[in-house]
Amino acid sequence: MAHILTFCAASQPEIPRHPLELLAAARALNAQLGEGPVHTLCVGPASRVYGEELIHRGADQVLTVECPSVEAEISLAVVESAIQHLAPQVVIFPHDDLSGAYVGPYVAYRLGAGIATDCVGFAVQGEDIRWLRPVYGGKAMAYMRIYGPIQLATMRARAFDPLPADPARRGEIRSFPVDWKSVRPQIRVVERLEAKREEGELPLDRAEIIVSGGRGIGSAEGFTVLRELARVLGAAVGGSRPAADLGWVPHSHLVGQTGKIVAPHLYIAVGISGATQHIAGAGSSKTIVAINKDPDAPIFKLAHIGVVEEWEKVVPALIEVLREWRS
Ligand SMILES: Cc1cc2nc3c(=O)[nH]c(=O)nc-3n(C[C@H](O)[C@H](O)[C@H](O)COP(=O)(O)OP(=O)(O)OC[C@H]3O[C@@H](n4cnc5c(N)ncnc54)[C@H](O)[C@@H]3O)c2cc1C
């Protein structure tokens, strides 16, 4: 039987998808290890708002910590305290800027525990968990085994589908006491700057469809055509490193090893060659469509649907057809 703790940052009024995916992962793990309780530590201004939804999606107990914002050092202190209190065997974090890069690895360091980061799944053999994660920039997959009494993992977005909400599901929601006097952050956030977003533009992490452009788009004007395609599809707009460096898309929309890791249902790569560093961020998408004029572009090795053509001929025609369908 495994005692599992998942982490949820409650910084926005609406519950994001990622913590719900972690609950699906935790329940799947529990089903294989022998049913045990799944706790969720929910930290942030909206922690109480999320409580019921987390129960309906698989948590047995939700521990809420209300604080004005979800800062890294505060989360770290709260997670450490919750681990001491609950003594879970497994802790699952979202693999995002907060937990994947900071809280998860720091907690592991402080506990002297092993951590598998950026996982996309797991396999259970007897009582062992083998954490599955991409390696070599997504060119291969590896199973990682963690030794010791506690295992930590960060889970990539979209690796699991959230469980359907079950309003009949019951669980406990209670406030988790924190001794704030003992939490002494060394970093103070002076100002928070929101990345500039075009009106109606979707953030990458919440999009089911992403239209992504590369150097092959050729100009910022070219990206206005991609934005139109995204608008018609209800998609978010992403870009490769050159597209971001040339200012055609904001850096917050860069996809890849040094940008966002995404896994939407549909990823449309336009004028993108398919370098490993880009694929590291988009390779887990359920369906990849590539539009590229070069039939030898590496992206075609990965794409489920490939269109060998200049995007200028394909994308406006696609927009036209989609508009007709919609009307
Ligand atoms: C340490 C490191 C980290 C990196 N991290 C990232 C990262 O996070 N994300 C990332 O994207 N890159 C990253 N890179 C850069 C990466 O190696 C590639 O250089 C980059 O992904 C290439 O971007 P691209 O495909 O847009 O451009 P290119 O490789 O120049 O490809 C452009 C493509 O457009 C096609 N094309 C041109 N004109 C047209 C047209 N009219 N119609 C259709 N197709 C056309 C071409 O055939 C070509 O395939 C990183 C590199 C390093 C070294």
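Residues numbered from 1 in each chain as written. Predicted model: local features only at pLDDT ≥ 70, side-chain atom pairs only at ≥ 80, totals over all residues.

Observations regarding the packing of helix α3 (residues 72–86) against helix α4 (residues 99–111)
Working note: a packed helix pair is described by the angle between its axes plus the distance between those axes. Interhelical geometry of α3 versus α4 gives an angle of 45° and a closest axis separation of 9 Å. The angle between α3 and α4 falls in the class oblique. Note that α3 runs across α4; the crossing there is right-handed. Note on element contacts: α4 touches α3 through Y102, V103, Y106, V107 and R110, opposite A72, S75, L76, V79 and E80. For the contact of α3 with α4, the class distribution of residues is 7 nonpolar, 1 polar and 2 charged. (Axes fitted to C-alpha atoms, helices over the stretch in contact; angles between N-to-C directions. Helix = DSSP H or I, 4+ residues; strand = E, 2+ residues; numbered from the N terminus. Parallel < 35°, antiparallel > 145°, perpendicular 65-115°, else oblique. Left-handed = near helix turned anticlockwise from the far one by under 90°. Contact = placed C-beta atoms within 7 Å. Nonpolar A, V, L, I, M, F, W, Y, C, P; charged D, E, K, R; others polar.)

Considering the environment of V70
With respect to the secondary-structure elements, V70 resides in the loop between β3 (61–65) and α3. Note: C-alpha distance between V70 and A10 (60 residues apart in sequence) is 7.4 Å. Not counting the four nearest positions on each side in its chain, V70 is found in contact with A9, S11, V43, G44, S75 and L98.

Concerning the site of the ligand
Contacts to the ligand come from 27 residues, most closely from G214, G216, S240, R241 and G256. The set of elements that each furnish at least two residues to the shell around the ligand consists of α6 (241–245), α7 (276–282), β14 (287–292) and α9 (311–326). (Near = placed C-beta within 6 Å.)

Regarding the domain arrangement of the protein chain
The domains assigned to the protein chain are domain 1 (4–182) and domain 2 (204–326). The gap between the C-alpha centroids of domain 1 and domain 2 is 31 Å. Between domain 1 and domain 2, the residue contacts involve 9 residues of the former and 11 residues of the latter. The residue inventory of the side of domain 1 that touches domain 2, partitioned by class, reads 3 nonpolar, 2 polar and 4 charged. (Domains from an automatic or database assignment.)

Some remarks on helix α5 (residues 220–233)
Here α5 contains 14 residues, and its C-alpha end-to-end distance of 20 Å stays within 8% of the 20 Å for a straight helix at 1.5 Å per residue. On its buried face, α5 sits against β11 (209–213), β12 (236–239), β13 (266–270) and α9. (Expected span 1.5 Å × (residues − 1).)

So, the nonpolar core
Counting 54 residues, the largest nonpolar core has L41, C42 and I92 as the members making the most contacts within it. At 6 residues, the largest contribution of residues to this core is made by α3. Setting aside its immediate chain neighbours within four residues, L41 contacts L5, F7, C8, L63, V78, V79, A82 and F176. (Core = buried A, V, L, I, M, F, W, Y, C linked by C-beta atoms within 7 Å. Buried ≥ 20, exposed ≤ 12 C-beta atoms within 10 Å, placed from the backbone.)

Things to note about the sheet that holds β14
The strand order β12-β11-β13-β14-β15 describes an open sheet built from 5 strands, whose pairing is parallel. Of all strands in the sheet, those with a lone pairing partner are β12 and β15 (305–308), marking the two edges. Taken over all neighbouring pairs, the strand axes of this sheet differ in orientation by 15° on average, direction set aside. As defined by bridge partners, β11 adjoins β12 across 4 bridges and the pair is classed as parallel. If you follow G213 over to β12, its bridge partner there is G239. On top of the sheet, α5 reaches β11, β12 and β13; it is set at about 170° to β11, its chief contact. (Pairing = 2+ DSSP bridges.)

Some details on the packing of α5 against α9
Running from N to C, α5 and α9 cross one another at 25°; their axes reach a closest spacing of 10 Å. The orientation of α5 relative to α9 falls into the category roughly parallel. Viewed along their axes, α5 and α9 form a crossing whose handedness is left-handed. Facing α5, whose interface residues are V225, L226, E228, L229, V232 and L233, α9 presents V315, P316, L318, I319, L322, R323 and R326. Split by residue class, the contact of α5 with α9 holds 10 nonpolar, no polar and 3 charged.

Some details on helix α1 (residues 18–33)
Across its 16 residues, α1 extends 23 Å between first and last C-alpha, which sits within 8% of the 22 Å expected from 1.5 Å per residue. Along α1, the residues that are buried comprise H18, P19, L20, E21, L22, L23, A25, A26 and N30. Where α1 is buried, its residues contact β1 (4–9), β2 (38–43), α2 (47–56), β4 (90–94) and β9 (151–155). G34 sits one or two positions beyond α1 and adopts a positive phi of about 110°.

Here we look at the sheet that holds strand β5 (residues 114–119)
What the 7 strands build is an open sheet, ordered β5-β9-β4-β1-β2-β3-β10; its pairing is parallel. Of all the strands in the sheet, just β5 and β10 (172–175) have a single pairing partner and so form its edges. When strand polarity is set aside, the average angle formed by the axes of neighbouring strands in this sheet is 20°. One ladder, built from 4 bridges, connects β3 with β10; its direction is parallel. The residue of β10 that forms the bridge with Q61 is E172. Relative to β1, α1 is tilted by about 175°, and along the sheet it contacts β1, β2, β4 and β9. The strands touched by α4 are β1, β4, β5 and β9; relative to β5, the strand with the most contacts, the crossing angle is about 165°.

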